[in-house]
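What follows is each chain in one-letter form.
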There are 2 protein chains.
Amino acid sequence: MIVSDRQTLAEDVRAGKRRALAKAITLVESTRADHREQARALVEALLPDTGKALRVGLSGVPGVGKSTFVEALGLYLIEQGHRVAVLAVDPSSSVHGGSILGDKTRMELLSRRTEAFIRPSPSSGALGGVAHRTREAMLVCEAAGFDVVLVETVGVGQSEIAVAGMTDIFCLLQLPNAGDDLQGMKKGIVEIADLVAINKADIDKAATHRAQAQMQGAISMVRHAHPDWTPPVIPVSALKAEGIDVFWNTVLKFRETMVANGAFAARRRRQAGAWMWELIDHDLRARFRANVRVAEELPGLQAEVEQGQVTPAAAAARLLGHLDNI
Amino acid sequence: MIVSDRQTLAEDVRAGKRRALAKAITLVESTRADHREQARALVEALLPDTGKALRVGLSGVPGVGKSTFVEALGLYLIEQGHRVAVLAVDPSSSVHGGSILGDKTRMELLSRRTEAFIRPSPSSGALGGVAHRTREAMLVCEAAGFDVVLVETVGVGQSEIAVAGMTDIFCLLQLPNAGDDLQGMKKGIVEIADLVAINKADIDKAATHRAQAQMQGAISMVRHAHPDWTPPVIPVSALKAEGIDVFWNTVLKFRETMVANGAFAARRRRQAGAWMWELIDHDLRARFRANVRVAEELPGLQAEVEQGQVTPAAAAARLLGHLDNI
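Residues numbered from 1 in each chain as written. Chains lettered and ligands numbered in written order. Predicted model: local features only at pLDDT ≥ 70, side-chain atom pairs only at ≥ 80, totals over all residues. Heavy atoms only, no water.

The name an unreviewed UniProt entry gives chain A is Methylmalonyl Co-A mutase-associated GTPase MeaB, with Pseudazoarcus pumilus as the organism.

In structure tokens:
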């Protein structure tokens, strides 16, 4: 892509042209080196128009009704005059080649609206790469005028941490039949949730109430990142579009509280800085691994370290000794 | 130190000579470059004699009675025929220059025993460096024949993660007056605890019972790393030396379970590999920061990234562009 094309693309994205938006996101999702370079320049050009959306992270295990919830929330937000982009970070897509490609068909009503833009997870790459591309896609959507960006993920692996690390508020979707382990809730997830919604609350009110109390108890056990905020647990029914307004008003209340105490801006600053360091660390490690002698010795040395035959310090020193300078 | 001196030191450590042990640990704790090099060689020489101890991590906030607990446990273990080394990772020591230097005087009975060796936290450096030196000190103690190594930390910052990352079992010490937030328990700590002890259980049995139930409830909310293990909550009184035997038998039960399912060996392999990569990443970043042009541009660029004026990708690319090769 030559520079003038890129300028046109940036202009068309800013004008909210749908085809340009899709093209731009395809560009930021590409793993080709020349595309990566173009994507970086494009996002750089769009940067002044980014940052104005409310970035909402959403996680829930398969079966929790996430697509239905996102559709209900999206339609509600459009009613309120918003433009909504839905992005995804799906760690399993790196294995399955895009396991939630079906999102658009599952969110049939939402995907037909011009005020909405739904994009499944980039279909290949390690989580770090997928997360990076989703972050860039988020900026593109903001430049295109979407003022709410929902970033969803399935409750597997490290993807929640990645999503919480790129959004202003991280919401957890749960089911009423919590059981002992809250649907096998993963390590540290309670701690990073700013808000919990219990979906399918219409089916069994007593179970919902129990799950709500149990969840609220779990939340009270751990200190939230902000002393001003105890994450609320909100019953919703995405299918019946019940409780969506309460959910959204709580999201807004969170934003209001965090803007007032300065945590909102601080979180964004921290995220941007951390993102830069992630990219630097990733590149440094790639350069390290690309060193011919490191590449030769690393597998054997790592195995010896793991077997306790070489100390980690000695192995690190030997490998690093192969680097000339940096 | 010349090579023959180092060989003598290694031999004396292996022979369990106390002065050699203290000298060796002073060496691994030193931040001087020539000492670091000697320490690496010493630990490498001792490596075949390491790995045989049970490595027990222990965390608890100030006031929980950690020193009293460690003393009671240490004396109990000596009675059982063990030799016990007590090390510490204290993140605050990097600020205060060794805030738990008083440990030895607080553990008066234990410190007088020849079967025990107590070493406070290295007194300076960032947590990563302190943790690294404690890991090396642990190996030195193992080579000196200590078959139980207790690594303690205060419940602040990232130090628990560091201690859990260098031990076979991570234990959390709590008080009965749990209150709503379990003494302000930090993010993710419930998740990494393999075992919880409620100290001062003799003072108020009803409160202890409530805290036990509350803690067990919190534990049941999160999935432990091993499906074979639900972390037990054990009431103890360190002051009266009550429950120490139950505590230790539970530690042994954990080891037995994890050895049987292979998780014990896997945890050590993972820890060794992660340690090597930590050292590599740390060095790569240090080389990066040492680049003259990077050092010049980094502060300004990082600020621009945090203000949203430059994208993280563009900043990372510009900084990395200053490196010739690696």
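Having seen the model, we can carry on.
## So, the layout of surface pockets
The calculated volume of the second largest pocket comes to roughly 780 Å³. Together, 26 residues line the second largest pocket, and His132(A), Glu278(A), Leu279(A), His282(A) and Asp283(A) are the ones closest to its centre. When contributions to the lining of the second largest pocket are tallied by element, the ones reaching two or more residues are helix H3 (33-46), helix H8 (127-143) and helix H13 (263-290) of chain A together with helix H13 (263-290) and helix H15 (312-320) of chain B. Top element by residues in the lining of the second largest pocket is H13(A). It accounts for 10 residues. Counted by class, the lining of the second largest pocket contains nine nonpolar, six polar and 11 charged residues. (1 Å grid on protein atoms, 1.4 Å probe; cavity = no way out; pocket = protein on both sides within 12 Å on 5 of 7 lines; lining within 4 Å. Points joined across faces, edges and corners; volume = space filled by probe spheres on them. Helix = DSSP H or I, 4+ residues; strand = E, 2+ residues; numbered from the N terminus. Nonpolar A, V, L, I, M, F, W, Y, C, P; charged D, E, K, R; others polar.)

## As for the interface of chain B and chain A
Contacts between chain B and chain A engage 59 residues on the former and 59 residues on the latter. Here Arg285(A) and Asp281(B) are joined by a salt bridge, their closest N and O atoms 2.5 Å apart. On the surface where chain B and chain A come into contact, there are eight residue pairs in polar contact (both at pLDDT 80 or more). Secondary structure elements with two or more residues in the side of chain B that touches chain A: helix H3 (33-46), helix H8 (127-143), helix H11 (205-221), H13, helix H14 (292-306) and H15 of chain B. (Contact = heavy atoms within 4.5 Å. Salt bridge = Lys/Arg side-chain N within 4 Å of Asp/Glu carboxyl O. Polar contact = N/O pair within 3.5 Å; in protein donor to acceptor, adjacent residues only side chain to side chain.)

## Some details on the domain arrangement of chain A
Segmentation of chain A into domains returns domain 1 (1-49), domain 2 (50-260) and domain 3 (277-322). Here the C-alpha centroids of domain 1 of chain A and domain 3 of chain A sit 36 Å apart. (Domains from an automatic or database assignment.)

## Topic: the sheet that holds strand S2 (residues 84-89) of chain B
Pairing between the strands of a sheet comes from backbone hydrogen bonds, and it takes one of two forms, parallel or antiparallel. Residues and elements named next belong to chain B. Here we have seven strands laid out as an open sheet, ordered S3-S2-S4-S1-S5-S6-S7, and parallel in their pairing. Both outer strands of the open sheet, strand S3 (116-118) and strand S7 (233-235), are each paired with one neighbouring strand and no more. If you compare each strand with its neighbour and ignore which way they point, the axes differ by 25° on average. Summarising the sheet, S2 and strand S4 (residues 148-154) pair through six bridges and their orientation is parallel. Bridge pairing in S4 links Ala88 to Glu152. Here H11 sits on the sheet in contact with strand S5 (169-174), strand S6 (195-198) and S7, set at roughly 165° to S7. (Pairing = 2+ DSSP bridges. Axes fitted to C-alpha atoms, helices over the stretch in contact; angles between N-to-C directions.)

## What to know about helix H12 (residues 244-260) of chain A
All names here are of chain A. Between its first and last C-alpha, H12 extends 24 Å over 17 residues, near the 24 Å set by a 1.5 Å rise per residue. Residues Ile244, Phe247, Trp248, Thr250, Val251, Phe254, Thr257 and Met258 constitute the buried set of H12. The first or second residue beyond H12 is Gly262, which carries a positive phi of 85°. (Expected span 1.5 Å × (residues − 1). Buried < 20%, exposed > 50% of the residue type's maximum accessible area, 1.4 Å probe, protein only.)

## Section: the sheet that holds strand S7 (residues 233-235) of chain A
Residues and elements named next belong to chain A. Strand order across the open sheet formed by seven strands is S3-S2-S4-S1-S5-S6-S7, with parallel pairing between neighbours. Each edge of the open sheet carries a strand with a single partner, namely strand S3 (116-118) and S7. Pairwise comparison of adjacent strand axes, ignoring direction, gives a mean angle of 25° for this sheet. Bridge count for strand S5 (residues 169-174) against strand S6 (residues 195-198) is four bridges, and the pairing is parallel. Residue pairing across strands places Leu172 opposite Val196, the latter belonging to S6. In this fold helix H4 (residues 66-79) packs onto strand S1 (54-60), strand S2 (84-89), S3, strand S4 (148-154) and S5, with an angle of close to 175° to the strand it touches most, S4.

## Remarks on the relation of the copies chain B and chain A
Mapping chain B onto chain A leaves a residual RMSD of 0.1 Å; the transformation is a rotation of 180° accompanied by 0.0 Å of translation along its axis. Seen this way, the second copy is the image of the first under a two-fold rotation axis. A share of 100% of interface residues in chain B that are also interface residues in chain A marks the association as one of identical surfaces. (Least-squares fit on C-alpha atoms with pLDDT ≥ 70 in both.)

## Examining the packing of H13(A) against helix H14 (residues 292-306) of chain A
All names here are of chain A. The interhelical angle for the contact between H13 and H14, taken along N-to-C directions, is 85°, at an axis separation of 5 Å. The pairing of H13 with H14 is recorded here as roughly perpendicular in orientation. In this structure, H13 contributes Phe288, Arg289 and Ala290 to the contact, and H14 contributes Val292, Val294, Ala295 and Leu298. Along the lines of polarity and charge, the residues of the contact of H13 with H14 split into six nonpolar, no polar and one charged. (Parallel < 35°, antiparallel > 145°, perpendicular 65-115°, else oblique.)

## Some details on unusual backbone geometry
Residues and elements named next belong to chain A. Look at Lys200: it is not a glycine, yet its phi comes out positive at around 60°. On the secondary structure map, Lys200 appears in the loop between S6 and helix H11 (205-221). For Lys200, a relative accessible area of 30% gives the class partly exposed. For Ala241, which is not glycine, the phi dihedral falls at a positive 55°.

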